[in-house]
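# Per-entry structural report
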Amino acid sequence: MKPPLLLIGQGSLDDGGSAEFGRFVHRLRCRLDRTAADVSGGYIAKARPRLSDSIASLVARGHHRMVALPLSLAGDLRTGTEIAAAMAREQELHPTLACDYGRPLGCDPRLLSLLAERLADAAAEVPRLRLVAAGGGLLDEEPEEIGLGETAVVLVGDGSGDPMVNADVHGVSRLFWETLAHEYMTVETAFASLARPGVPGGIERCRRLGARRVIVLPYLLFAGGLLEKVWGQAMAYAAGHPDLDVRCAEVIGDCEGLADVVVERYEEALERASH
């Protein structure tokens, strides 16, 4: 039997994100069960299931070697340090525990392709009719056609206190524009928290560049409170700028495409450990 896969999340007080994390763990468990590999997942802080509980459960089921994979798009030094410290504590509690680490998700081309799918879905939404004044009343008016060349994208990262992590998100925006979104006017970068510009600032930059439509594209793995914050800021901006068509795309989310990347990282880690 292969060593189990342990997915590690940093954790937040976000029940929505935790629920989707749990569904993704279940998806991987169903896939890897065919190869006789167990799958578990846990958070290092705040949210449940806790990492310590997941590891204790795996050890209780007779596993003493596992492959750990941080489930994060960013290579935040603080996050990496916290995960390393958490795993060190677990190895003190379970002296027989051995752990191999999977390569971070990073800017994998398949994840960018998933972002492109979410962007295309948002761009394809049928525009709403507008109410216009006419002869003392209101009439429905068909919205004007807006092409991709007049549509800008704001790619929104989580945001970090680490400037290098924020710089990586800017790099993702540029790579995404040049490889998968070159038909759009531009791809700007914004952050949900801790870094500037925020979501309104990113949309405002697109408006000043002449965009008639802006699609906010979350560079986030799962839905939850952070996504709601991004959407809320975008819709608040849109309310103050009725002539600008502001749309919000979905997150990457629990899907087979994301599972493909994680399974590859798992198999890579097993291959490295065998040499």
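Residues numbered from 1 in each chain as written. Predicted model: local features only at pLDDT ≥ 70, side-chain atom pairs only at ≥ 80, totals over all residues. Heavy atoms only, no water.

The chain carries the name Cobalamin biosynthesis protein CbiX in an unreviewed UniProt entry, which gives Planomonospora parontospora as its organism.

### Topic: the packing of aromatic side chains
Let me state the cut-off plainly: Pairing of aromatic rings covers Phe, Tyr and the six-membered ring of Trp, with a centre-to-centre limit of 6.5 Å; geometry is then stacked below 30 degrees between planes, edge-to-face above 60, and tilted otherwise. Secondary structure elements are defined from DSSP: runs of H or I of at least 4 residues count as helices, runs of E of at least 2 residues count as strands, and each element is numbered from the N terminus. The cut-offs for exposure are 20% and 50% of the maximum accessible area for each residue type, with area from a 1.4 Å probe on protein chains only; residues under the lower value are buried, those over the upper are exposed, and the others partly exposed.
What the rule picks out here adds up to 3 aromatic pairs. Here F21 and Y43 contribute two aromatic rings whose centre-to-centre distance is 4.6 Å and whose plane-to-plane angle is 40°, an arrangement assigned as tilted. Of this pair, F21 sits in helix α1 (residues 15-32) while Y43 sits in strand β2 (residues 39-43), placing them 22 residues apart in sequence. Residue F21 is classed as buried on the basis of its relative accessible area, which comes to 3%. According to the relative accessible area criterion, Y43 is buried, its value standing at 8%. Grouped by ring-pair contacts, the aromatic residues F21, F24, Y43 and F222 constitute a single cluster.

### What about the environment of M185?
Inclusion rule: Every residue pair with non-hydrogen atoms within 4.5 Å of one another is taken to be in contact.
By the element assignment, M185 lies in the loop between α5 (163-180) and β8 (186-191). Taking the C-alpha atoms as reference points, M185 and A269, separated by 84 residues in sequence, lie 40 Å from one another. Beyond its immediate sequence surroundings of up to four residues, M185 is in contact with L148, G149, E150, T151, A152, W177, L209, G210 and A211.

### Section: helix α4 (residues 109-123)
Selection criterion: Multiplying 1.5 Å by the helix residue count minus one yields the expected span of that helix. It is the directions from the helix axis to the C-beta atoms that the arc portrays. N or O atoms closer than or at 3.5 Å make up a polar contact, with two conditions inside protein: a donor-capable atom paired with an acceptor-capable one, and, for residues adjacent in sequence, both atoms drawn from side chains.
Helix length check: α4, at 15 residues, gives a terminal C-alpha distance of 21 Å against a target of 21 Å (1.5 Å per residue), a fit within 8%. Listed as buried for α4 are L111, L112, L114, L115, R118, L119 and A122. The buried residues of α4 occupy an angular sector of 155° when projected down its axis, which confines them to one face. Facing away from the buried side of α4 by more than 90 degrees, the exposed set consists of P109 and D121. Those residues of α4 that are buried lie in contact with β7 (151-157), α5, β9 (213-218), β10 (245-248) and α8 (256-273). Here α4 starts with a cap whose side-chain oxygen sits 2.8 Å from the backbone nitrogen of R110, and that cap is D108.

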